[in-house]
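An overview of the molecular structure
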Amino acid sequence: MKREELYKSMGVDQEVLAYGRRIEKKLKERFEAIDETAEYNQLKVLKAMQDNRVSDVHFAATTGYGYNDLGRDTLEAVYASAFHAEAGLVRPQITCGTHALAVALAANLRPGDELLAISGKPYDTLEEVIGIRPGNGSLAEYGVTYRQVDLKDDSGFDFEGIRAAVTERTRMVHIQRSKGYQTRRTLSVQDIGEAVTFVKSIDPSIICMVDNCYGEFVERIEPTDVGADLCVGSLIKNPGGGLAPTGGYIVGKEPYVENCAYRLTSPGLGKEVGATMGVLQSFYQGFFLAPTVTAGALKGAIFAANVYEGLGFDVLPDGSEDRHDIIQAITFGTPEGVVGFCRGIQAAAPVDSYVEPEPWAMPGYDSDVIMAAGAFVQGSSIELSADGPIKPPYAVYFQGGLTWEHARFGILMSLQKLKEAGLARIPGEA
Ligand SMILES: *Cc1c(COP(=O)(O)O)cnc(C)c1O
C-alpha cells in the first residue's frame, strides 16, 4: 500500500495530506534546530546517567518503608546532574505537578512569611494551594501571605513592580515558565535568569522557585542553570518521556530540596523512606527518552501553528515564534471548531480512538469543557492531547505527541474533521 493510501484508509484524504506536506516543507530548518537541541539534551541526560553509574540493579523494586532504595537515590542524583542542581527529589509519591509545587511551597514557607509571584497569577490549581481561592489546608490557612506582580503587556517582568513588592517578609518568589492557559508569552530560561538575578540583588536570601511544567528539554538550559533555587515539574509531562506512569520532581539547592523531602514524607524521615514498587525503570527510561519525545511534541506544536495559521485562524504562539514550552493555542471562534478539532485528535489516538468526546461541566471550570485524550497513561499531556473550554474566544489548547509522526497524524486528522464539517477551507497552492 502506498503511504497516501494508508492515510486515506485511516481517514485523511489527499487534499489534507498534500496541504500538510506543503506546510512541513517550510519547516525544515526549524525542525533541524529542534533536532540539534534534542541531540544536546540527549547527551546531557546520558552523561548524567553515566556519571552516576546507573546499573540494572537500580531498577529493582522496593516495598514497605523503602529504606536504602539505591535505585531511587541514584535516580535523584541523575536528575540533579542533568539539571546541574545540588539535589533532587523524584518520587512516585509526588502525585502530580500541583502536588510537587505544593510540597515545594509548603516545605520552604513558615507562618508570617510572604510568597511573591512575579510572573502574574499562577496556574489555576495553585490558587487553592496558595489560598487565592479558599482551599482546605492552603498556605493562607497557615498564615503565609501572598502577593503578585503581573507581567507587563509585552510579557516581560515588571522589575520596578517587583522591587516595590518585596518586603522583609518575602521568603519565596514564584515564577511560572509556561503560559499555562493564559494568553501571555511563555518565558525563556534566559528571561527567568534575569528575574532571578534581579530578585537576588534585592535580597539574596529569597528562595526563587520555578514552575517548570511543559518546559523541560525545550531549550538547552533549565532554570537551575540560571540561578533558580528550586525547579519543579510533573513526570506525566516532558521529563517522564511518556513512560513514567505517575510522579513529580523537585531539583535545586540542597537545603531547600531537603525541606521538600521532610514535607513530602515526615519530619525526621525525609528522603530516607518511600518505596518505589517497581516503577523506577520507567522513570529512568522515560527520562532517557524525554529529550527526543519533547522534540517530537515541539515539532507537532509548530506544525499545528503553521497549519492553522495558513487556514486563517489565530494561533499562539504564531507560526514563526521561538518556543519555550510545548503548548499550542488555536482560536476557532466557534464551539463547533473546538469540538471538531478535539474529535480529530481523539480519532487519531492509539487508545480509545473510537470514542467521540463531548463537552461537559467539569468540576473547577466555569463553562463546559471538551477534552481529547487517548493516552497510555491517564491524563498524560506529553501524549497527544487537546482541550478547550466552550466559551469565547473558543480556543483549544493542544500539546504532546510521543512521536512527531503521531503528532502530525493527529493534526491532519483534526483538519480533516474540520474540513468535513465545513469549518475549514484548505487554500490552493500558492
Ligand atoms: C500542568 C501544570 C501544572 C500542574 O500540574 P498537574 O500535574 O496537572 O497537577 C502546574 N503548572 C503548569 C504551568 C502546568 O502546565
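Predicted, not measured: the structure shown is a model, and the values here were computed from it.

Time to look at unusual backbone geometry. Along the chain, Leu316 connects to Pro317 via a cis peptide bond; the corresponding omega equals -5°. Mapped onto the secondary structure, Pro317 falls in the loop between β8 (314–316) and β9 (328–331). Although it is not a glycine, Ser155 sits at a positive phi angle of roughly 70°. Along the chain, Ser155 turns up in the loop between β3 (145–148) and α7 (159–165).

Close approach of charged atoms allows side chains with opposite charge to pair. Counted by the stated rule, this structure contains 24 salt bridges. When the shortest N-O distance is used, the salt bridge between Lys200 and Asp229 registers 2.6 Å. Of the two residues, Lys200 is situated in helix α8 (residues 189–202) and Asp229 in the loop between β5 (207–211) and β6 (230–234); the sequence distance between them amounts to 29 residues. With relative accessibility at 1%, the residue Asp229 sits in the buried group. In this structure, Glu358 engages Arg343 in a salt bridge whose closest nitrogen and oxygen atoms are separated by 3.4 Å. Within this pair, whereas Glu358 is found in the loop between α11 (335–347) and β10 (369–373), its partner Arg343 is found in helix α11, the two being separated by 15 residues in sequence. Each of Lys121, Asp124, Glu127, Glu128 and Arg133 takes part in a single network of salt bridges with overlapping partners.

As a matter of local geometry, the ligand sits amid Cys96, Gly97, Thr98, Leu101, Tyr123, Gln176, Asp211, Cys213, Tyr214, Ser234 and Lys237. The separation between an oxygen atom of the ligand and a polar side-chain atom of Thr98 is 2.5 Å. Here an oxygen atom of the ligand and a side-chain polar atom of Lys237 are 3.0 Å apart. Protein coverage of the free-state accessible area of the ligand, which is 380 Å², stands at 89%. Per-element tally for the shell around the ligand: the top contributor is helix α5 (residues 97–108), with 3 residues.

With that out of the way, let us pick up the pairing of β5. Of all 5 residues that make up β5, 5 are buried, and the element is covered over most of its length. Neither face of β5 is exposed, since Ile207, Met209 and Asp211 on one face and Cys208 and Val210 on the opposite face are all buried. Judged from the 5 bridges that link them, strand β4 (residues 170–176) and β5 form a sheet pairing that is parallel. Looking at the pairing, Ile175 lines up with Val210 of β5. Regarding topology, α8 serves as the crossover connection from β4 to the parallel β5, and that connection is right-handed. Judged from the 3 bridges that link them, β5 and β6 form a sheet pairing that is parallel. Residue Met209 lies in a different strand from β6, and its bridge partner there is Leu230.

Across the sheet, which stays open at both edges, the 5 strands sit in the order β8-β9-β12-β11-β10 with antiparallel pairing between neighbours. Lying at the two open borders of the sheet, with one neighbouring strand each, are β8 and β10. Averaged over all adjacent pairs, the angle separating strand axes in this sheet is 15°, with direction ignored. Across 3 bridges, the pairing between strand β11 (residues 385–389) and strand β12 (residues 395–399) is antiparallel. Opposite Ala386, over in β12, you have Phe398 as the bridge partner. Across the sheet, helix α10 (residues 280–310) touches β8, β9 and β12, and the angle it forms with β9 is around 15°.

Formed by 55 residues in total, the largest nonpolar core has its most connected members in Val307, Tyr308, Leu311, Ile330, Phe332, Phe341 and Leu415. Secondary-structure elements contributing two or more residues to this core are α2 (14–26), α3 (28–51), α10, β9, α11, β10, β12 and α12 (404–420). Of all the elements, α10 adds the most residues to this core, at 10 residues. Grouped together as the second largest cluster of nonpolar side chains are 28 residues, Ile94, Ala104, Val144 and Ala261 included.

Next up on the list: the sheet that holds β4. Taken together, the 7 strands give an open sheet; going across it, the order is β1-β7-β6-β5-β4-β2-β3, and neighbouring strands pair in mixed fashion. Two strands bound the open sheet, and with one partner strand each, they are β1 (87–91) and β3. Along the sheet, successive strands turn relative to each other by an average axial angle of 20°, direction set aside. Taken together, the 5 bridges between β6 and strand β7 (residues 248–252) define a ladder with antiparallel strand orientation. Bridging across to β7, Val232 finds its partner in Ile250.

Reading the values: the criteria
- Within every chain, residues take consecutive numbers counted from 1 along the sequence as written.
- Owing to the predicted nature of the model, reporting of local features is limited to residues with pLDDT of at least 70; listing and counting of side-chain atom pairs is limited to 80 or more, with chain, interface and lining totals taken over all residues.
- Side-chain numbers come from the whole structure's heavy atoms, not from hydrogens or water.
- The numbering of helices and of strands both runs from the N terminus, where a helix is a DSSP run of H or I of at least 4 residues and a strand a run of E of at least 2.
- Think of a salt bridge as a Lys or Arg side-chain nitrogen and an Asp or Glu carboxyl oxygen that are within 4 Å of each other.
- Each residue gets one of three labels from its accessible area relative to the maximum for its type: buried under 20%, exposed over 50%, partly exposed in between, using a 1.4 Å probe on protein chains only.
- Put simply, a residue is near a molecule or strand once any heavy atom of it comes within 4 Å of that molecule or strand.
- What qualifies as a polar contact is a pair of N or O atoms within 3.5 Å, subject to a donor-acceptor requirement within protein and to the restriction that residues adjacent in sequence count only when both atoms come from side chains.
- To be clear on the numbers: accessible area is Shrake-Rupley with a 1.4 Å probe, and residue cover counts the displayed protein chains and nothing else.
- Each pair of strands is called paired provided DSSP finds at least two bridges between the two strands.
- A crossover counts as right-handed when, viewed with the strands pointing away from the observer, the path leading from the first strand over the helix to the second turns clockwise.
- Axis definition: a line fitted to C-alpha atoms, limited for helices to the stretch in contact. Angles are taken between N-to-C directions and run from 0 to 180 degrees.
- Contact definition: two residues touch when any of their heavy atoms are within 4.5 Å.
- Among the buried residues, those of types Ala, Val, Leu, Ile, Met, Phe, Trp, Tyr and Cys that are joined through side-chain atoms within 4.5 Å form a nonpolar core.

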